[in-house]
Amino acid sequence: MKYEWKKIIQNKIIILTVLISCIYTLWLTSSSLSAQQSGIQETDTAYQQCLGEYTAEKEGLILQKLGELQEQMSSGADSGELFGWYQKYSALYSQIEGYHAANEFRETVLKNAARLQKSSDPYTARVNAGIMTKFEDVIEDFHILDEPAAIDCAGMQGHLLWADIVNLLVLILAASSIFITEHHSQTYAMVYTSRDGRRRTYLRKLFCVLEFAAILGILTGLCAAFPALLRADPGEWMLKLRTMQIFSASPGDLNLLQYILCVTAMRILGYMVMGVFFVLFAVCFKNIIVPMVLETLLGIGGLWCYGQFIANAGIVMFRGQNQIYKLLRTVTCFGLITDGERFFWEYEPVNILNIPCSRLTVCIVLQIAVFLVTAMVGYYVYIHRFRRGGV
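These figures come from a predicted structure and were not determined experimentally.

Colleague: Give a detailed account of the overall build of the protein, specifying residues and quantitative values.
Modeller: For the protein, the helix and strand inventory stands at 15 helices and 4 strands. When each of the 391 residues of the protein is scored for burial, the buried share is 47%. A separation threshold of at least 6 residues defines the contact pool for the protein, and within that pool the share at least 24 residues apart is 77%. For the protein, the accessible area works out to roughly 19500 Å², and carbon and sulfur atoms hold 62% of it.

Colleague: Could you give an account of the pattern of salt bridges, naming the residues involved and the relevant values?
Modeller: Taken as a whole, this structure holds 5 salt bridges when the rule is applied. Glu-68 is the salt-bridge partner of Lys-65, the closest N and O atoms lying 3.8 Å from each other. Here Lys-65 pairs with Glu-68, and both are found in helix 4 (residues 56-74), just 3 residues apart, close to one helical turn. Given the relative accessible area of 17%, Lys-65 is considered buried. As a salt-bridge pair, Arg-267 and Asp-164 come within 2.9 Å of each other at their nearest N and O atoms. Within this pair, whereas Arg-267 is found in helix 11 (residues 256-284), its partner Asp-164 is found in helix 8 (residues 161-184), the two being separated by 103 residues in sequence. Residue Arg-267 is classed as buried on the basis of its relative accessible area, which comes to 0%. A network of salt bridges, in which partner residues are shared, links Arg-329, Glu-348 and Arg-359.

Colleague: Describe the environment of Arg-126, listing the residues and the values that go with them.
Modeller: One can find Arg-126 in helix 6 (residues 122-134). Arg-126 sits 230 residues away from Pro-356 along the chain, and the two C-alpha atoms are 6.8 Å apart. In contact with Arg-126, not counting residues within four places along its chain, are Asn-354, Ile-355 and Pro-356.

Colleague: Give me the lowdown on the side chain of Glu-348, citing residues and values where you can.
Modeller: Take Glu-348: it is sitting in the loop between helix 14 (334-338) and strand 3 (349-352). Overall, the relative accessible area of 10% leaves Glu-348 in the buried class. A polar side-chain atom of Glu-348 sits 2.6 Å from a polar atom in the side chain of Arg-329. Other than its neighbours up to four places away in sequence, Glu-348 contacts Arg-329, Arg-342, Cys-357, Ser-358 and Arg-359.

Colleague: I'd love a proper account of unusual backbone geometry, names of residues and values included.
Modeller: A positive phi is found at Leu-353, a non-glycine position, where the angle reads about 55 degrees. Take Leu-353: its relative accessible area is 80%, and that puts it in the exposed class. Phi is positive for Asn-354, which is not a glycine, with a value near 65 degrees. Considering the arrangement of structural elements, one finds Asn-354 in the loop between strand 3 and strand 4 (355-358).

Colleague: Break down helix 4 for me, with residues and values.
Modeller: In this model, helix 4 (19 residues) spans 27 Å end to end at C-alpha, consistent with the 27 Å of a helix rising 1.5 Å per residue. When we look at burial in helix 4, the residues that qualify are Lys-58, Glu-59, Ile-62, Lys-65, Leu-66 and Leu-69. For helix 4, the arc enclosing every buried residue in end-on projection is 125 degrees, short of the 170-degree limit, so these residues lie on one face. Seen from the buried face of helix 4, the exposed residues on the opposite side, beyond 90 degrees, are Ala-56, Glu-57, Glu-71 and Ser-74.

Colleague: Lay out the confidence of the model for the protein with the relevant residues and their values.
Modeller: This prediction gives the protein a mean pLDDT of 81; 86% of its residues lie at or above 70. Contacts of residues 314-320 to residues separated by more than four positions or lying in other chains number 3 contacts, the stretch itself having pLDDT below 50. The low-confidence segment residues 387-391 (pLDDT under 50) makes 5 contacts with residues lying over four places distant or belonging to another chain.

Colleague: So what about the packing of aromatic side chains? Which residues, and what values?
Modeller: The full count for this structure, using the stated rule, is 14 aromatic pairs. Consider the rings of Tyr-54 and Tyr-99, whose centres lie 5.2 Å apart with planes at 55 degrees: the pair is tilted. Of this pair, Tyr-54 sits in the loop between strand 1 (52-53) and helix 4 while Tyr-99 is found in helix 5 (residues 79-116), placing the two residues 45 residues apart along the sequence. For the pair formed by Tyr-54 and Tyr-99, the shared burial category is buried. Among the aromatic residues, ring-to-ring pairing joins Tyr-47, Trp-85 and Tyr-89 into one connected group. Here Arg-329 stacks its cationic end above the ring of Phe-343, 5.0 Å away from the centre of that ring.

Colleague: How would you sum up the pairing of strand 4? Please name residues and give values.
Modeller: Burial of strand 4 is one-sided: the residues Pro-356 and Ser-358 facing one way are buried, the residues Ile-355 and Cys-357 facing the other way are not. Direction of pairing for strand 3 relative to strand 4: antiparallel, over a ladder of 4 bridges. Looking across to strand 4, one finds that Asn-351 is bridged to Pro-356. Taking the residues that link successive antiparallel strands as the turn, the strand 3-strand 4 hairpin has 2 residues, and the phi of Leu-353 there is positive, at about 55 degrees.

Definitions and limits used
- Residues numbered from 1 in each chain as written.
- Predicted model: local features only at pLDDT ≥ 70, side-chain atom pairs only at ≥ 80, totals over all residues.
- Heavy atoms only, no water.
- Helix = DSSP H or I, 4+ residues; strand = E, 2+ residues; numbered from the N terminus.
- Buried < 20%, exposed > 50% of the residue type's maximum accessible area, 1.4 Å probe, protein only.
- Contact = heavy atoms within 4.5 Å.
- Areas by Shrake-Rupley, 256 points an atom, 1.4 Å probe, with all protein chains shown as cover.
- Salt bridge = Lys/Arg side-chain N within 4 Å of Asp/Glu carboxyl O.
- Polar contact = N/O pair within 3.5 Å; in protein donor to acceptor, adjacent residues only side chain to side chain.
- Expected span 1.5 Å × (residues − 1).
- Arc of directions from axis to C-beta.
- pLDDT = per-residue confidence, 0-100.
- Phe/Tyr/Trp six-rings, centres within 6.5 Å; stacked < 30°, edge-to-face > 60°.
- Lys NZ or Arg CZ within 6 Å of the ring centre and 35° of its normal.
- Pairing = 2+ DSSP bridges.

In C-alpha cells, the structure reads:
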C-alpha cells in the first residue's frame, strides 16, 4: 500500500487542495466564533453572579440587566460598550431559553406519547412507545456559561458544504491517480502478472482510497472543532445537546462532544461511499477524462444540488420539494456528508413493515449496503475488464 500512498503524497495538486480545504474550514469556524464574541474580556460582579448552576434568581438577574442596558442605550448613552454587555447577557439568556425549550418540548411530547401509545394502530403505538423511551431523561445540572465556544462549534457542523465539495474533488483526484494511471502509464498488464495479482491489488488500492477518505473526514472534523478547542473550557463539551434551541426537540441524551464525534463519523462514512463510486468509475475506463467527468457530475454536482435543498430547508417549501429533500436525505450519502446535524434536530421515524426506525438508522444501513455492493461490482470489473486486450 506504500506505493499507492506515494502516488497521493507526490501529487502536488492533491496536497494543495487538502490544505485549501483545511484553511477554509478553519477560517469559516474561526469567523463564526469571533462573530459570536462580544469583544469584552473583563466581567463585573453582577455578571459573575449570573454564571454557574441555573436558578430562577439568576434568570431574573439576567432579565433585569438586559432591561437596564436597553434603557441606557435608548437614552442616548455611549452604546459601544453597552452593546457589548448587552450581547454578553443576551448570550446567557439564550442558553436559558434553550434549556426551557427542551424541557417544555419534553413535557409536551411525553404527554402526547402517553396518550397515543394506547392507539389501536400498531405502528402509532410503537412510535409513541419509542418516544416515551427516548425522551425519558431529564436535563439535570444545567450550567450557565460565559460565551461557550463549544455551542458555536456544534452549530457550525452543518455549514461546511464548500469544504465537503473541495474534499470530494480531492477524493476524485486520489482515486484517479491510483487506478486510472495504470492505463496511462501502461502498467496494467504488469499488475496481472505481479505477485499480488489483480484481486489483492484491487483490495490494496481500494483500502488506500478509503483510508484517504477517512483522513479527509477526520481533518474536516478537527479543523471545524479546533478553534473551539482553543477557547472552550473542558466542561463545555459535556453540555447536553438538547439545551441548544435548534436541538430542543432532539431525542436521546447526547452531549456536544458526542454529537460532534457522531457527525464526523457520518461524514467519514459518506466520503467512503463516494470513494467506492469514484473507484468504480475509475476501473471502467482506460482514459482519464470520461471517469473524472462522471465522478464530478455524481459527486460534486450531486452534493451542490443537495446543498440547494438545504438552503431552502429553513423556509416553507412546496410539499413535493420537501418530500424530495427527505427522500434524498434518506437514500443518498449527501445527507451524511454535509447535512448530518439535521438528523439530530428531531426524532424522524420511518415506517419499515410497521416497525418505526429512525431516519438516521435507515440512511446508515442503506449506505453500508450501497458501499458493499459498489465495492463488489468494482472488484468484478477490475478483475474481468479489458481481458480481451491481452491483459
